[in-house]
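# Structural overview for review
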Amino acid sequence: MSTTLTGTPAARTARPRMLRGLTWLVLRQHRATLGSLLALVALGSLWIVYQRGQLTDLLAAAGWPGKSVPLPVVGEQYRNLTSLLGLLPGVLAVFLGAPLIAADQEQGTAQLVTTQSVTRRRWLVAKIGWCLLATLVAGSALSAVFTWWWRRYRSVLPDIWMDPSVFDTTGPVLPALALFLTAAGITIGVLLRRVLASMVVTFVFCVGAQTVWGMFRDRLGTPRTITYPLDAALPARLDDAYEVDRWVAGADGQLYGWGSCAETTEKATAACIKEKGIVDNVFQYLEYDQMTAMQWTGAGILLAGAVALAGFALWWASRRPL
């Protein structure tokens with residue numbers, strides 16, 4: 001006896017996607033780059049946590065902070081870490097920002113996209129938006145983990161707070177600098193339309209921009225001034241300060257350059273000091289409690305630059321043939 005099946009097989013239901021449309025397309029196109037960036041952030045964070053754990057064990061064994069420890073307590077691994085963090089904004093700009101649009105222009109993908117139902121502006125916004133979001137997340141994550149380490153143990157670490165290895169890699173500065181340089185890389189790629197040329201020019205731009213940023217960094221805060229007797233030791237409150245300038249001063253308040261009485265003999269130096277009536281040291285400095293405000297001020301400037309560059313790239317690419 002045979003049985004006849006009159007029902008139809010149940011249709012296979014497609015699994016719903018979390019991302020659809022243009023967003024899915026952009027992420028799929030750049031999945032290798034985003035995967036590499038995610039791996040970089042994960043490995044970098046684990047490396048920081050590992051080094052912090054090693055330092056914690058070392059200091060605990062030495063009885064710190066109850067007992068002083070011989071400096072330095074960190075070695076080449078710490079130097080390598082801060083160097084790589086300092087290179088991160090430039091690396092993202094060269095390898096993520098510069099090829100983002102330039103590669104599509106060079107390979108013809110951009111022309112293909114513009115023939116589809118998606119408008120050119122939507123495509124550009126999706127590409128640039130996801131690139132900058134990935135940059136922001138990567139920079140913020142690594143900066144947060146490194147800040148968590150540095151602030152707790154800054155008194156035993158070799159770099160002071162105004163050194164580029166600290167100021168530019170903690171707080172909001174690292175993600176802001178990464179966003180600015182990446183936006184610059186995108187803009188350069190849009191203008192040059194060739195991947196290799198864009199990467200080379202972006203690299204040169206990053207070197208120049210970070211050099212200028214280093215010259216500008218100490219102007220983000222308002223210097224403070226302290227006066228103390230000529231023969232007195234440097235006040236303890238200045239142990240953690242960053243020196244901006246230094247002078248010597250007479251009893252009437254007139255300032256002289258720090259080396260005004262740097263004579264060849266001690267007797268000649270004493271005679272010069274007496275002749276000019278020098279009685280005080282005048283020390284101009286930035287203090288550690290200004291660091292947070294200075295970092296947010298600098299980050300604001302960098303973010304404004306990033307928005308301007310990204311906006312220009314979007315405007316330029318929207319109105320010019322791809």
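Above: the structure in question.
Residues numbered from 1 in each chain as written. Predicted model: local features only at pLDDT ≥ 70, side-chain atom pairs only at ≥ 80, totals over all residues. Heavy atoms only, no water.

### Things to note about the overall build of the protein chain
In terms of helices and strands, the protein chain carries 10 helices and four strands. Mapped from its N terminus to its C terminus, the protein chain presents α and β elements in the order α-α-α-α-α-α-α-α-β-β-β-α-β-α. Looking at the protein chain as a whole, 40% of its 322 residues qualify as buried. Contacts spanning at least 24 positions in sequence make up 82% of the contacts within the protein chain whose residues lie at least 6 apart. When the accessible surface of the protein chain is split by element, carbon and sulfur atoms take 62% of a total near 18200 Å². (Helix = DSSP H or I, 4+ residues; strand = E, 2+ residues; numbered from the N terminus. Buried < 20%, exposed > 50% of the residue type's maximum accessible area, 1.4 Å probe, protein only. Contact = heavy atoms within 4.5 Å. Areas by Shrake-Rupley, 256 points an atom, 1.4 Å probe, with all protein chains shown as cover.)

### Digging into empty space enclosed by the protein
To find the voids left in a structure, one rolls a probe of water-molecule size over its atoms. Scanning the model with the defined rule gives one cavity of 30 Å³ or more in all. In this structure, the largest cavity occupies an estimated 70 Å³ of space. In terms of lining, the largest cavity is formed by V26, H30, T33, L34, L96, L100, K127, W130 and C131. Of all the elements in the fold, those that place two or more residues in the lining of the largest cavity are helix 2 (31-62), helix 3 (76-107) and helix 5 (120-153). If you tally residues by element for the lining of the largest cavity, the top one is helix 5, at three residues. Taken together, the residues of the lining of the largest cavity sort by class into six nonpolar, two polar and one charged. (1 Å grid on protein atoms, 1.4 Å probe; cavity = no way out; pocket = protein on both sides within 12 Å on 5 of 7 lines; lining within 4 Å. Points joined across faces, edges and corners; volume = space filled by probe spheres on them. Nonpolar A, V, L, I, M, F, W, Y, C, P; charged D, E, K, R; others polar.)

### Details of unusual backbone geometry
Cis geometry is adopted by the peptide bond preceding P65, which originates at W64 and carries an omega value of 10 degrees. With respect to the helices and strands, P65 occurs in the loop between helix 2 and helix 3.

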